[in-house]
Amino acid sequence: AKARLYGAHNIHFVSVSNWLAQCCRNSTLLKNASLSVIGNPFPASDFPCNYEPGNLNLPQGTKVIVMGAARLDDPVKGFDLMTDAMNHIATHNPQLASQLHLLLYGGLRDTSLLDGIAVPHTYVGYVDDVRPLYRQAHIVLSTSRYESFGYTLVEGMSSGCVPVTTGDGGQVDIVKHLTNGYVTGSQDAASIAQGIEWAANCGLTREQLHEWVTVHFDSSIIAKQYLNLINNL
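These remarks concern the structure in this document. In this text, all values refer to a predicted model and were calculated from it rather than measured experimentally.

1. As for the packing of helix 3 (residues 79-92) against helix 7 (residues 189-201)
At a minimum axis separation of 8 Å, helix 3 and helix 7 run at an interaxial angle of 70°. Our classification of the angle between helix 3 and helix 7 gives roughly perpendicular. When you trace helix 3 past helix 7, the crossing you get is right-handed. Counting all contacts with helix 3, which are made through L81, D84, A85, M86, H88 and I89, the residues of helix 7 involved are A189, A190, I192, A193 and I196.

Now the structure itself:
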């Protein structure tokens, strides 16, 4: 039914990432479709990059790593990869581990999973407004096995957090390795741990990260890309 519908009309598809576009090109339905890539729009001005300690009483002088998802224990989100990476740091780089604090938000059906994390951590559950969490963090972590885009990375970057992410998905359209963040070479604990160590010492400023999001994904920028696409079809 979809093949008949797509074939009967002049439809131009828009993917939010190059990874998702490649998935479309590999599919039976869209392999011959007209297709462009335009990222998701983001209200950068609503996510200022100024650091604010917040009311969670997180230990001062530490590098706070924030990670969140609607459901943290969704297998796609890589909670196990995050846990293994933190434990790898605790075992192989205890000095770095003593300087880190993990801040988790989102759903978690089995909170006993938190007991397996070997670095200090705070879990706040669901939150209505994620912005205060990002403003008191320094690193935003995504251990997702894939993402169509990677919205939490954009939220964190706009708020001034250095991104660390796996690279099998739309995340690589957002994070440029060793330029504005760290993309792991593989989905394993050692690679993720190496990324966290880099992010903790890279020297990127909160203002630089916010500006990158503004230039590439602010709603006004994305709107112009859509207008340009429409005008040239």
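2. Points about the pattern of salt bridges
Evaluated as defined, the whole model comprises five salt bridges. Across the pair E147 and K77 runs a salt bridge whose closest N-O atoms are separated by 2.7 Å. Linking E147 in the loop between strand 6 (139-142) and helix 6 (151-158) with K77 in the loop between strand 3 (63-71) and helix 3, this pair joins segments that are 70 residues apart in sequence. Residue classification places E147 among the buried positions, given a relative accessible area of 16%.

3. Observations concerning the side chain of T143
Note on placement: T143 falls in the loop between strand 6 and helix 6. A polar contact of 3.0 Å, which involves the side chain of T143, links it to the backbone oxygen of K77. For T143, the side chain forms a polar contact with the main-chain oxygen of G78, separated by 2.8 Å. Every residue in contact with T143, bar those within four places of it in the chain, is listed here: M67, V76, K77, G78, F79, L81, M82, T166 and I192.

Cut-offs applied
- Residues numbered from 1 in each chain as written.
- Predicted model: local features only at pLDDT ≥ 70, side-chain atom pairs only at ≥ 80, totals over all residues.
- Heavy atoms only, no water.
- Axes fitted to C-alpha atoms, helices over the stretch in contact; angles between N-to-C directions.
- Helix = DSSP H or I, 4+ residues; strand = E, 2+ residues; numbered from the N terminus.
- Parallel < 35°, antiparallel > 145°, perpendicular 65-115°, else oblique.
- Left-handed = near helix turned anticlockwise from the far one by under 90°.
- Contact = heavy atoms within 4.5 Å.
- Salt bridge = Lys/Arg side-chain N within 4 Å of Asp/Glu carboxyl O.
- Buried < 20%, exposed > 50% of the residue type's maximum accessible area, 1.4 Å probe, protein only.
- Polar contact = N/O pair within 3.5 Å; in protein donor to acceptor, adjacent residues only side chain to side chain.

Nothing here speaks to function; it is geometry throughout.
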